[in-house]
Amino acid sequence: QSNPVSHQSNPVSHQSNPVSHQSNPVLHQSNPIEATENQVIRRSQRIQKRLAVEYSSEPRVKRQKSNTMELHNNTMFDLRSAAADASAGKIRITPGVLYSSRQTDRTKLVPLKSLLPGSQSRPPKYTVQELRRFGVQSSVLAVTVDSAEKFTFDGSSYFSKAVLEGQGVRVGDGGTLHLRPDGSAGAAELERAFYTTPGVDPRLISSEWFRNHYKWLVWKLASLEVSFPHDLSGRMLSPHWLLLQMKYRYDREIDRSQRSALRKIFEHDDTPAKTMVLCVSKVFAHEDQRSKEPCGEEEEKTGRLLTVELTDGWYSIGGVFDDVLKYYLRQNTILVGTKLYITGAELVGLENPSPPLEAPSGVYLKMNANSTRRARWNTKLGFQRNTKPFHISLATVLPDGGKVGATALVIARVYPLLFMEKKPDGSKKFHTERLEEIMERDHRCLRQKIIDKICEKERKSFEEDLAKEDVERLSHARKRRRLTQRQIKNLEDGEEIYEALQQSTDPQSFQECLSTTQRIMLMSYKENVEGKRKQDLQKRIQLAIQEAEDGQLPPKRDVVPLLRARVVQGDPSHSSIRTATFCIWRPTEHVKQLIREGASLKVYHLQASEGRYGNNTVLCNVRIRMYMRTFIHVAVLQLL
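Reading the values: the criteria
- Residues numbered from 1 in each chain as written.
- Predicted model: local features only at pLDDT ≥ 70, side-chain atom pairs only at ≥ 80, totals over all residues.
- Heavy atoms only, no water.
- Helix = DSSP H or I, 4+ residues; strand = E, 2+ residues; numbered from the N terminus.
- Buried < 20%, exposed > 50% of the residue type's maximum accessible area, 1.4 Å probe, protein only.
- Contact = heavy atoms within 4.5 Å.
- Areas by Shrake-Rupley, 256 points an atom, 1.4 Å probe, with all protein chains shown as cover.
- Expected span 1.5 Å × (residues − 1).
- Core = buried A, V, L, I, M, F, W, Y, C linked by side-chain atoms within 4.5 Å.
- Lys, Arg positive; Asp, Glu negative; His and termini not counted.
- Salt bridge = Lys/Arg side-chain N within 4 Å of Asp/Glu carboxyl O.
- Polar contact = N/O pair within 3.5 Å; in protein donor to acceptor, adjacent residues only side chain to side chain.
- Pairing = 2+ DSSP bridges.
- Patch = residues over 30% accessible without salt bridge, like charges linked within 9 Å, V, L, I, M, F, W, Y side chains within 5 Å.
- Charge placed at Lys NZ, Arg CZ, Asp CG, Glu CD.

(A) Molecular detail of the overall build of the protein. Helix and strand counts for the protein come out as 22 helices and 19 strands. The proportion of buried residues among the 640 residues of the protein is 45%. Here the contacts in the protein between residues at least 6 apart in sequence split such that 73% fall between residues at least 24 apart. Total accessible area computed for the protein in this model is approximately 35,500 Å², and 49% of it derives from carbon and sulfur atoms.

(B) Geometry of helix 12 (residues 239–255). When the terminal C-alpha atoms of helix 12 are compared, their 22 Å separation across 17 residues agrees well with the 24 Å that a helix rising 1.5 Å per residue should span. A large share of helix 12 lies buried, amounting to 15 of its 17 residues. Serine 257 occupies a position one or two residues after helix 12 and carries a positive phi of about 55°.

(C) Structural detail: the nonpolar core. Core analysis: the largest hydrophobic core is formed by 81 residues, its most contacted members being Phe194, Tyr214, Leu237, Leu242 and Leu310. Residues in contact with tyrosine 214, not counting those within four places in the same chain, are Ala148, Glu149, Phe151, Phe153, Gly186, Ala187, Leu190, Leu242 and Met246.

(D) Focus on the side chain of glutamate 191. Structurally, glutamate 191 can be placed in helix 9 (residues 187–195). Despite its burial, glutamate 191 remains without a salt bridge, the nearest opposite charge being carried by arginine 211 at 4.1 Å. Polar contacts involving the side chain of glutamate 191 include one to the side chain of serine 207, which spans 3.2 Å. With residues near it in sequence (within four places) discarded, glutamate 191 still touches Ser207, Phe210 and Arg211.

(E) Representation of the pairing of strand 15 (residues 428–432) within the structure. Two elements, strand 14 (residues 418–422) and strand 15, share five bridges in a ladder whose sense is antiparallel. Residue pairing in the sheet places methionine 420 in a bridge with phenylalanine 430 of strand 15. Connecting strand 14 to the antiparallel partner strand 15 that follows it, the hairpin turn spans five residues, and glycine 426 within it adopts a positive phi of roughly 100°.

(F) Region of the structure containing a negative patch on the surface. A contiguous patch of negative charge on the surface is contributed by Glu492, Asp493, Glu495 and Glu496. A relative accessible area of 36% places aspartate 493 in the partly exposed class.

(G) Structural detail: the side chain of aspartate 322. Mapped onto the fold, aspartate 322 is located in the loop between strand 7 (316–320) and helix 15 (323–330). For the buried residue aspartate 322, which engages in no salt bridge, the nearest side chain bearing the opposite charge is lysine 326, 7.6 Å off. Looking at aspartate 322, its side chain comes within polar contact range of the main-chain nitrogen of leucine 325, at 3.0 Å. Among the polar contacts made by the side chain of aspartate 322, one reaches the main-chain amide nitrogen of alanine 369 at a distance of 2.9 Å. In this structure, aspartate 322 is in contact with Met367, Asn368, Ala369, Asp400 and Gly401, ignoring residues within four places of it in sequence.

(H) A look at the pattern of salt bridges. Applying the stated rule across the entire model yields 22 salt bridges. Between glutamate 421 and lysine 423 there is a salt bridge, and its shortest N-O distance comes to 3.4 Å. Looking at glutamate 421, the relative accessible area reads 5%, which means it is buried. Across the pair arginine 540 and aspartate 465 runs a salt bridge whose closest N-O atoms are separated by 2.9 Å. Taken together, the residues arginine 540 in helix 20 (residues 516–548) and aspartate 465 in helix 16 (residues 433–476) connect sequence positions 75 residues apart. For aspartate 465, a relative accessible area of 30% gives the class partly exposed. A network of salt bridges, in which partner residues are shared, links Glu421, Lys423, Glu436, Glu440, Arg444 and Arg557.

Structure representation (structure tokens):
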């Protein structure tokens, strides 16, 4: 059985470290201890001088210069004006250093891949002794998702003695950090410092918002130091850099309403079926009374269900795996820090939209192996640019792996059309197309004969009832009388003319005395009476047929057409050639034209299952039917 999961990130101390997808814009500068006013002024002067030299020729570039200068001037805030605005209750939108640098010149962003030593393709493994020799602190090595929220910074490791003895230190984008008496700072102290940052409105965020991002930032920055100790040890997990990252998230999520993938899913503004990358932040086993997922033999003994916690770097959600993914979880193929490509996931336990931090317990994503793959260590988290289901080879499709997002197939053999009939007792029978035509004709003829007998019986009964009504009406009517011509001319209603005709002693003479208008009124009335009688008869017949459906008439047949084909994988990248049975329920004429021997198709949204005898994979189309013609590779064509 092939492994449907690709390369994973580097585990350190029996646990992988998730490397953030964000590049480091100030990677090669020294770790600043204080951000004073003089440093801000000097930085602004240097940028202005550089822009004046670079953008002095072309008019098109001058516009770029003016936009860059304006953004830079907005970023390099005036502390005194910000304090005045804060005292007046007005808080200006002030972008932080990280957001401004990313918007100004993204070419200076240093990709993490460039920090890999030598020609390695992913971060190497380091022992604890090697990490300590690189300068990684023991407190950083002990950071986990559970302990990140309670992480405490030791002030003596980041600030000088003179700063520690002062009234406060300026960190991040201008916030004032007041340390504890012992010189340490935790989430509470950094939260108060963040509220003093110019451009931050405490009324727009809550303490839960800050502590949630504090946890994920501590975990991310600690993982960066552990994964790249030769360049980033002692430089990432610091109060200054953490508040810079916090302000960057505030600028995007609060000021510009740019939401992450999981927040859009929680608020029902996007679907979890799109292709996205999430990171495994926690693996745990717990008793789940809300979920009715089937458990394996191991889990039935313990009464527990293996579950994971997934994150997009901003928020987290629970995840429930199928049996195949649980197997890889027990084999440590999927670890904490592993990034997963996910498509076709289902959101369970959230009926109404809710913010991620206010969502009820029991919300999780349901995933399966055929729609999940491991992602590269430096893949960006969240929704991907191409949100369509990712393509997998037929050789890696697992019969018990659930839904398949997309795969390429070559039609090797098309079988005759079959029809599956579901009996009332629950049994199923398959017929050929010719036998189905005979059975459908016989069933239709039998039903028609019974319906004709019911119609004839109801018609006779209806006519007898009408005859009885006429006899009763005539018996209760007045004696027949002869009307004069003047009385006949005074009749102005079709019903009166009809009643007078019925009571007349000489109906023929009565009709001769009628005017043209009176005759038209009489004919119209008779047509209305006949129409009502026909409607009454039709209603009686329909009611009788509905009553006969319960026992007298044979039940309607439940028949579904089925088109089957033998398919092979459409790409020759795998050495072993895999075949499967492709089943299409209720195929349209367009699909029948596509499913031809030798045709190459890319098919979306399939359900994989095991064949009848256990040695074949069956692919059935579910939900949306999407077929796209592709070219056949020469190697596959030779096999056909």
